[in-house]
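Remarks on the overall topology
One-letter residues, chain by chain:
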Amino acid sequence: MLLLVQEHVNHVVINDADPAIHAFWLSVKHHTKELISLIQSIPLNVEEHARQRAIYSNPEGRDILELGFAALYLNRTSRSGILRGGPIGGKKQSGKYGIDARFNRETLIRQLQLIGRLSSRIDVFGIDAEEFLEKQVPQLPQRHLIYLDPPYFRNARRLYRNYYKAADHARLAKKVKGLRSPWVLTYDYCDEVRELYTGYPMCEFEIHYTANNSTRGTGRELMVWGGGFEMPCPPYATRRTLLKTGAKKDGTLPAAAA
Ligand SMILES: C[S@@+](CC[C@H](N)C(=O)[O-])C[C@H]1O[C@@H](n2cnc3c(N)ncnc32)[C@H](O)[C@@H]1O
């Protein structure tokens, strides 16, 4: 979304198979004002967290806005932003930080207003990634870039409602490698992913995340790319290690495998 907001791209197409995340992006696009008024008024407490969790866990027949807001609420009030995680500060709110630590109403509203103004330049899908690659990618304008952020290879069951087994990751890799478009993919760093994409340029990088105002951590991630384009340095990377071949003197990485 940053690419759109900073005018690096004209249009963004988002896809996520989780009905609540799909509903969140649909709400951002079609119900920005209602989303903002919910952000202004929603209580930030464990009872509300439990109520939003129940909505997220039973998505069938829900209103798009109700379901989309549940995804946003849980992302901002759960530990590490994990929708299935417990509330920041615990059920007894005895932790150092409370449930409201990451729910900054003003910031969220400002971000939504910014994105809402660009809504005509955002398309949203909620389908399986493989189907998206097969059916939607051929409809994209000629100049496009595909970014894939699949469920983590390890520990995914804990993190997402829709997670992949090893065979799903392998099938996705086969599809991605068959793409005629330029693509970039990020994963948790692990040997299994390195093996799946052997022969493609890849680099390891660190991301910094904030679970609440003070709990910070570093995640080790892997970026792989293909489709024949020059990859600039990965964003947010404090330490980059090119895994396949040496970087050029100017710091850029070599052209992706065809
Ligand atoms: C690593 S997360 C991506 C997070 C997202 N890029 C972000 O920055 O917030 C993986 C996402 O893949 C989605 N997902 C899982 N299985 C999928 C599938 N078969 N097709 C499409 N999306 C899927 C999950 O719902 C989850 O949101």
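Up top is the structure these notes are about.
To start, this report covers the structure provided alongside it. (Residues numbered from 1 in each chain as written. Predicted model: local features only at pLDDT ≥ 70, side-chain atom pairs only at ≥ 80, totals over all residues. Heavy atoms only, no water.)

**Some thoughts on the pairing of strand S4 (residues 183–188)**
- Of all six residues in S4, six are buried, a share of seventy percent or more.
- As defined by bridge partners, strand S3 (residues 146–148) adjoins S4 across three bridges and the pair is classed as parallel. In the strand pairing of S4, leucine 148 is matched with leucine 185. (Buried < 20%, exposed > 50% of the residue type's maximum accessible area, 1.4 Å probe, protein only. Helix = DSSP H or I, 4+ residues; strand = E, 2+ residues; numbered from the N terminus. Pairing = 2+ DSSP bridges.)

**Concerning the site of the ligand**
- Taken together, 14 residues form the shell around the ligand, and within it Asp16, Asp128, Ala129, Asp149 and Asn162 come nearest.
- Take tyrosine 164: an N or O atom from its side chain is 3.3 Å from a nitrogen atom of the ligand.
- Notes on the ligand: free accessible area 590 Å², of which the protein chains cover 70%.
- Split by residue class, the shell around the ligand holds eight nonpolar, two polar and four charged.
- Two domains share the shell around the ligand, each providing at least three of its residues, namely domain 1 (2–6 + 13–121) and domain 2 (134–242). (Near = heavy atom within 4 Å. Polar contact = N/O pair within 3.5 Å; in protein donor to acceptor, adjacent residues only side chain to side chain. Areas by Shrake-Rupley, 256 points an atom, 1.4 Å probe, with all protein chains shown as cover. Nonpolar A, V, L, I, M, F, W, Y, C, P; charged D, E, K, R; others polar. Domains from an automatic or database assignment.)

**Some points on the environment of proline 182**
- Position of proline 182 relative to the elements: it lies in the loop between helix H9 (166–177) and S4.
- A relative accessible area of 23% means that proline 182 is categorised as partly exposed.
- Spatially, the C-alpha atoms of proline 182 and glutamate 230 are 9.9 Å apart, while their sequence positions differ by 48 residues.
- Discounting chain neighbours no more than four positions away, the residues touching proline 182 are His144, Leu145, Ile146, Gly226, Gly227 and Phe229. (Contact = heavy atoms within 4.5 Å.)

**A closer look at the packing of aromatic side chains**
- Per the stated rule, a full pass over the model turns up six aromatic pairs.
- Arranged with centres 5.0 Å apart and planes meeting at 65°, the rings of phenylalanine 24 and tryptophan 25 form a pair that is edge-to-face. No difference in accessibility class separates phenylalanine 24 from tryptophan 25, as the two residues are buried.
- A ring pair is formed by phenylalanine 69 and tyrosine 73, whose centres lie 6.1 Å apart and whose planes are at 50°; its orientation type is tilted. Placement of the pair is phenylalanine 69 and tyrosine 73 together in helix H5 (residues 64–77), with a separation of four residues, close to one helical turn. Judged on exposure class, the residue phenylalanine 69 and its partner tyrosine 73 are both buried.
- Grouped by ring-pair contacts, the aromatic residues Phe69, Tyr73 and Phe103 constitute a single cluster.
- It is lysine 177 that lies over the ring of tyrosine 197; its NZ or CZ is 5.6 Å from the centre.
- When the ring centre of tyrosine 189 is taken as origin, the NZ or CZ atom of arginine 220, which lies over that ring, is 3.9 Å away. (Phe/Tyr/Trp six-rings, centres within 6.5 Å; stacked < 30°, edge-to-face > 60°. Lys NZ or Arg CZ within 6 Å of the ring centre and 35° of its normal.)

**Structural notes on the packing of helix H3 (residues 32–41) against helix H6 (residues 105–116)**
- Remark: H3 packs on H6, axes separated minimally by 10 Å, with the N-to-C direction vectors making an angle of 180°. By the criterion of interaxial angle, the relationship of H3 to H6 is roughly antiparallel. Contacts from Thr32, Leu35, Ile36, Ile39, Gln40 and Ser41 of H3 reach H6 at Arg105, Leu108, Ile109, Leu112, Gln113 and Gly116.
- The residue makeup of the contact of H3 with H6, split by class, is six nonpolar, five polar and one charged. (Axes fitted to C-alpha atoms, helices over the stretch in contact; angles between N-to-C directions. Parallel < 35°, antiparallel > 145°, perpendicular 65-115°, else oblique.)

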